[in-house]
Amino acid sequence: MTAAFDYEDMHHLVDRLTPTQVRRLRLLVTQDEELSQVVQALPAVDANEESVPAGLLALIGSVNGPEDLAERHDDYIRERMRERFGDSA
């Protein structure tokens, strides 16, 4: 295994964990002598504040549409296709 594969594999693993499992994993990491040094180097995060990636906030801010866009996106796409290409779409 290469280091790049290990890195990607760990990302996929952590993405599949529940929030409770992530907290447990963080506890295990903080209790390990070598890994805890990495945790100590990270900036402190307020436990009451949920962390949202900046890229996600930028994406959310760029979506401009009706309030029910997520639920009815197929309908909106069909409507736009009909407007552009007629009823054959």
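Residues numbered from 1 in each chain as written. Predicted model: local features only at pLDDT ≥ 70, side-chain atom pairs only at ≥ 80, totals over all residues. Heavy atoms only, no water.

Before going further, it helps to spend a moment on the overall build of the protein. In terms of helices and strands, the protein carries 5 helices and 0 strands. Mapped from its N terminus to its C terminus, the protein presents α and β elements in the order α-α-α-α-α. Counting the 89 residues in the protein, one finds 3% classified as buried. Carbon and sulfur atoms make up 55% of the accessible area of the protein, which amounts to about 8600 Å² in all. (Helix = DSSP H or I, 4+ residues; strand = E, 2+ residues; numbered from the N terminus. Buried < 20%, exposed > 50% of the residue type's maximum accessible area, 1.4 Å probe, protein only. Areas by Shrake-Rupley, 256 points an atom, 1.4 Å probe, with all protein chains shown as cover.)

In this section: the packing of aromatic side chains. Considering all chains together, one arrives at 0 aromatic pairs under this definition. Sitting above the plane of the Tyr-76 ring, Arg-72 keeps its charged end 4.8 Å from the centroid. (Phe/Tyr/Trp six-rings, centres within 6.5 Å; stacked < 30°, edge-to-face > 60°. Lys NZ or Arg CZ within 6 Å of the ring centre and 35° of its normal.)

It is worth spelling out the pattern of salt bridges at this point. Oppositely charged side chains can form a pair if their charged atoms are brought close together. Per the stated rule, a full pass over the model turns up 2 salt bridges. For Arg-72, the salt bridge is made with Asp-75, and the minimal N-O distance between the two is 3.3 Å. In this structure Arg-72 comes out as partly exposed when scored by relative accessible area, which is 34%. Among the salt bridges present, the one from Arg-78 reaches Asp-75, with a minimum N-O distance of 3.1 Å. Placement of the pair is Arg-78 and Asp-75 together in helix H5 (residues 73-85), with a separation of 3 residues, close to one helical turn. Look at the salt bridges and you will find they share partners, linking Arg-72, Asp-75 and Arg-78 into a network. (Salt bridge = Lys/Arg side-chain N within 4 Å of Asp/Glu carboxyl O.)

Another aspect to go through is H5. Look at H5: 18 Å from first C-alpha to last across 13 residues, which is about the 18 Å you get at 1.5 Å a residue. Gly-86 occupies a position one or two residues after H5 and carries a positive phi of about 85°. (Expected span 1.5 Å × (residues − 1).)

This part covers the confidence of the model for the protein. Caution applies to low-pLDDT regions: their predicted coordinates should not be interpreted in detail. A residue-level look at the protein finds 70% of positions with pLDDT of 70 or above and a mean pLDDT of 77. Of all helices and strands in the protein, the one with the weakest mean pLDDT is helix H4 (residues 54-62) (62), whereas helix H2 (residues 19-31) scores best (87). (pLDDT = per-residue confidence, 0-100.)

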